[in-house]
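Listed here are the chains, written in short residue letters.
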Amino acid sequence: QVHLVESGGGSVQVGGSLRLSCAVSQFDISRYYVAWFRQAPEKEREGVACIAPNGYSSYADSVKGRFTISKDNSKNTLFLEMIGLQLEDTAMYYCAAPAATSRGLRCSLAAPRFDYWGQGTQVTVSS
């Protein structure tokens, strides 16, 4: 079965930086797109960033210019570099892999297209 394990979360002050990692198994990230999502208490899950096999990436408007998604195909690991963190970025961050029927070549930030999710890593931003 596909498994994803996030790490790297923590507490930072406004304007700080953080780098998240997601180790993926039983799913080749060099062949299909993968993505990062986040969810704050009492808020809906939000797609953050997606990266395609060819390196193309897509971001939510709320994080454009501040977050960068990347991957290491040899290690089958996904990353999310976050800078200029804001209070609104506080959330549980999840990495996800799409269902077999949704593995197109273009990135998607629509949660229903993903079948596999990590356990999440908490990011807390304070002033």
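Structural notes, computed from the coordinates. If you're wondering where the values come from, they're calculated on a predicted model, not measured in any experiment.

A few words on unusual backbone geometry. The phi torsion at Glu42 lies on the positive side, around 65°, for a residue other than glycine. Within the secondary structure, Glu42 is located in the loop between β4 (34-39) and β5 (46-51). Take Glu42: its relative accessible area is 86%, and that puts it in the exposed class. Phi is positive for Asn76, close to 50°, though the residue is something other than glycine. Summarising the element assignment, Asn76 is placed in the loop between β7 (67-72) and β8 (77-82). Classification of Asn76 as buried rests on a relative accessible area of 14%.

Attention now moves to the sheet that holds strand β1 (residues 3-7). Pairing within the open sheet is antiparallel, and its four strands lie in the order β1-β3-β8-β7. For this open sheet the edge positions go to β1 and β7, each flanked by a neighbour on one side alone. The mean angle between the axes of side-by-side strands here comes to 20°, regardless of whether they run parallel or antiparallel. Sheet analysis places β1 next to strand β3 (residues 18-25), joined by five bridges and oriented antiparallel. Its bridge partner being in β3, Leu4 is matched across the sheet by Val24.

This brings us to the environment of Ala35. Topologically, Ala35 is positioned in strand β4. Note: C-alpha distance between Ala35 and Cys95 (60 residues apart in sequence) is 5.7 Å. Leave out the neighbours within four places in its chain, and Ala35 touches Ala49, Cys50, Leu78, Tyr94, Cys95, Ala96, Ser108, Leu109 and Phe114.

Attention now moves to the nonpolar core. Formed by 31 residues in total, the largest nonpolar core has its most connected members in Trp36, Leu80, Met82 and Tyr93. The set of elements that each furnish at least two residues to this core consists of β3, β4, β5, β7, β8, β9 (91-98) and β11 (121-126). Residue contacts for Tyr93: discarding those within four places in its chain leaves Glu6, Leu20, Trp36, Phe37, Arg38, Val48, Phe67, Leu80, Met82, Gly120, Thr121 and Val123. Core analysis: the next-biggest nonpolar cluster, separate from the first, contains nine residues, Tyr33, Phe37, Ala52 and Cys107 among them.

Let's shift gears to the state of the cysteines. As enumerated under the stated definition, the model contains one disulfide in all. Here Cys22 engages in a disulfide with Cys95; their sulfurs sit 2.0 Å apart. On the S-S bond that ties Cys22 to Cys95, the torsion sits near 70°, and the link is right-handed. Of the two residues, Cys22 is situated in strand β3 and Cys95 in strand β9; the sequence distance between them amounts to 73 residues. Taking the relative accessible area as the measure of exposure, Cys95 reaches 0% and is therefore buried.

Rules of the game
- Residues numbered from 1 in each chain as written.
- Predicted model: local features only at pLDDT ≥ 70, side-chain atom pairs only at ≥ 80, totals over all residues.
- Heavy atoms only, no water.
- Helix = DSSP H or I, 4+ residues; strand = E, 2+ residues; numbered from the N terminus.
- Buried < 20%, exposed > 50% of the residue type's maximum accessible area, 1.4 Å probe, protein only.
- Pairing = 2+ DSSP bridges.
- Axes fitted to C-alpha atoms, helices over the stretch in contact; angles between N-to-C directions.
- Contact = heavy atoms within 4.5 Å.
- Core = buried A, V, L, I, M, F, W, Y, C linked by side-chain atoms within 4.5 Å.
- Disulfide = S-S within 2.5 Å.

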